[in-house]
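Architecture at a glance
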Amino acid sequence: MQWSDLSLAHVLAAAKRIAPMARRTPLMQTLPLATEAGAAGVHLKLECLQNTGAFKVRGASNRILSLSEEDRARGVITFSTGNHGKAVSYVAGRLGIPAVVCVSEHVPRYRVDRIRALGAEVVVSGDSQDEAEVEYERIKNDRDMIPVVPFDDPYVVAGQGTIGLEMMSDEPALDAILVPLSGGGLLAGVALAAKLIKPEVRVIGVSISQSPAMLRSVEAGRPVTVEEKDTLADSLLGGIGMENHYTLPVIEEFVDEHVEIDEPEIEAAMYYALSEHSLVIEGGAAVGIAALQTGKVKVEGARAGIVVSGSSVELSQYLAVMQKFV
Ligand SMILES: *Cc1c(COP(=O)(O)O)cnc(C)c1O
């Protein structure tokens, strides 16, 4: 399939397919931020309340549920340090199919344990993500397993697109949607769904200054790598793949604007979610809130929706950040 073949029909099919695996999460008004931004309304799409703690279960389940019985029996494999690994482990575990998740030796123990607890076999090897990827290739070929990639796949894009579908159906008056951006599966899916439902809606990608690989690629008109620096928004780290086939062209076609958020802005947005709504959100999930709080995206008089993408954050790190505000 070419990227340009992706349509609303794929997103609608995904919505039906993934319903048993993924929750329809709430779209909740947030008044203080709306007042601060002079907006007609601001609505948070709470994927932090999604099964496994992040939206990735939508794309992963759309991919895995589309596999034939024969392919399911071969089992699925991925490499991931975070939410995608958890999602693959969860979906495969619920379907009773074999799953392998490859991670490097640097991935924290608590993450490995969480992925393993959901059912997957976790293979820890190598000093870096690249070395873990070598091991991933070896096992994939040796055991003839089916790869489930985190973002650059049409089923994954369509699965994440169900978020845009739900937002537009719960709040058809939305004028703008802000979406955290890393590899771009989430932004591509949401932009595709929202624009095909309502072409005049503004779709804004929100990157982190510490690792803006997709933003730099959009500027260059081709995939580029960037230096990755330490960030609280670890779910937004990583490149877009030098052989990107789907997320870059879909984002080029459907996304209107891009902004970058830095570390103190992420912290303030995480604190906003806790203090105003008692919501624990991870750094990567906070960037859309930050884009409005900082005024980097202007929504005066408009109705904005923000994807709050996940809640996977280590407790001690989270508490250390919140401590700064009390
Ligand atoms: C993966 C992830 C993102 C970014 O999604 P992409 O499809 O890689 O752009 C954002 N937030 C959270 C919590 C994630 O896990």
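Everything below is about the structure printed above this text.
The following refers to the structure shown.

This paragraph deals with the sheet that holds strand E7 (residues 176–180). One open sheet accounts for six strands, arranged E1-E2-E10-E7-E8-E9; its pairing is mixed. Edge strands, defined here as strands with exactly one partner in the open sheet, are strand E1 (27–29) and strand E9 (257–261). With direction set aside, neighbouring strand axes in the sheet form an average angle of 25 degrees. Judged from the five bridges that link them, E7 and strand E8 (residues 202–208) form a sheet pairing that is parallel. Note on E8: the bridge partner recorded for Pro 180 is Val 206.

A few words on the site of the ligand. Close to the ligand lie 14 residues, the nearest being Lys 56, Asn 83, Gly 184, Gly 185 and Ser 309. In this structure, an oxygen atom belonging to the ligand sits 2.8 Å away from a side-chain N or O atom of Asn 83. Between the ligand and Gly 183 there is a distance of 2.9 Å, counted from an oxygen atom to a backbone nitrogen or oxygen. Here the ligand, which alone exposes 380 Å², has 97% of that area covered by the protein.

Moving on, we come to the packing of aromatic side chains. One pass over the full model with this rule turns up two aromatic pairs. Seen from their ring centres, Phe 79 and Tyr 136 are 4.8 Å apart, and the 65 degrees between their planes marks the pair as edge-to-face. With a gap of 57 residues between them, Phe 79 in strand E3 (residues 76–79) and Tyr 136 in helix H7 (residues 129–143) connect regions that are remote in the sequence. With respect to burial, Phe 79 and Tyr 136 carry one shared label: buried.

Assignment of secondary structure puts Leu 46 in strand E2 (residues 41–46). Remark: the alpha-carbon pair of Leu 46 and Ala 285, spanning 239 residues in sequence, is separated by 9.5 Å. Beyond its immediate sequence surroundings of up to four residues, Leu 46 is in contact with Thr 25, Pro 26, Met 28, Leu 279 and Val 308.

A few words now on helix H10 (residues 213–220). Buried within H10 are the following residues: Ala 213, Met 214, Leu 215 and Ser 217. Those residues of H10 that are buried lie in contact with E8, helix H11 (247–254) and E9. Positioned one or two residues after H10, Gly 221 has a phi angle of 75 degrees, which is positive.

Where like charges cluster on the molecular surface, the negative patch consists of Glu 105, Asp 127, Asp 130, Glu 131 and Glu 133. Among the structural elements, Glu 133 can be located in helix H7. Given the relative accessible area of 31%, Glu 133 is considered partly exposed.

Position of Thr 162 relative to the elements: it lies in helix H8 (residues 154–170). Leave out the neighbours within four places in its chain, and Thr 162 touches Val 11, Ala 14, Ala 15, Ile 18 and Arg 58.

Another point: the pairing of strand E5 (residues 121–124). Put simply, side chains in a regular strand alternate between the two faces of the sheet. Here strand E4 (residues 99–103) runs beside E5; their pairing, made up of four bridges, is parallel. Among the inter-strand pairings, Cys 102 is bridged to a residue of E5, identified as Val 123. You can see the chain leave E4, run along helix H6 (residues 109–117) and come back into E5, and the turn it takes is right-handed.

Attention now moves to the environment of Lys 324. As for its position among the elements, Lys 324 is in the segment after helix H14 (315–323). Residue classification places Lys 324 among the exposed positions, given a relative accessible area of 56%. Remark: the alpha-carbon pair of Lys 324 and Ala 13, spanning 311 residues in sequence, is separated by 45 Å.

This part is about the sheet that holds E4. Taken together, four strands build an open sheet; the order of strands is E5-E4-E3-E6 and the sheet is parallel. Since the sheet does not close on itself, it has two edges, and those belong to E5 and strand E6 (146–147), each with one partner. Pairing between E3 and E4: four bridges, direction parallel. When the sheet's bridge partners are listed, Thr 78 is paired in E4 with Val 101. Running at roughly 150 degrees to E5, H6 makes contact with E4 and E5 of the sheet.

What counts as what
- Residues numbered from 1 in each chain as written.
- Predicted model: local features only at pLDDT ≥ 70, side-chain atom pairs only at ≥ 80, totals over all residues.
- Heavy atoms only, no water.
- Pairing = 2+ DSSP bridges.
- Helix = DSSP H or I, 4+ residues; strand = E, 2+ residues; numbered from the N terminus.
- Axes fitted to C-alpha atoms, helices over the stretch in contact; angles between N-to-C directions.
- Near = heavy atom within 4 Å.
- Polar contact = N/O pair within 3.5 Å; in protein donor to acceptor, adjacent residues only side chain to side chain.
- Areas by Shrake-Rupley, 256 points an atom, 1.4 Å probe, with all protein chains shown as cover.
- Phe/Tyr/Trp six-rings, centres within 6.5 Å; stacked < 30°, edge-to-face > 60°.
- Buried < 20%, exposed > 50% of the residue type's maximum accessible area, 1.4 Å probe, protein only.
- Contact = heavy atoms within 4.5 Å.
- Patch = residues over 30% accessible without salt bridge, like charges linked within 9 Å, V, L, I, M, F, W, Y side chains within 5 Å.
- Salt bridge = Lys/Arg side-chain N within 4 Å of Asp/Glu carboxyl O.
- Lys, Arg positive; Asp, Glu negative; His and termini not counted.
- Charge placed at Lys NZ, Arg CZ, Asp CG, Glu CD.
- Right-handed = clockwise from strand over helix to strand, strands pointing away.

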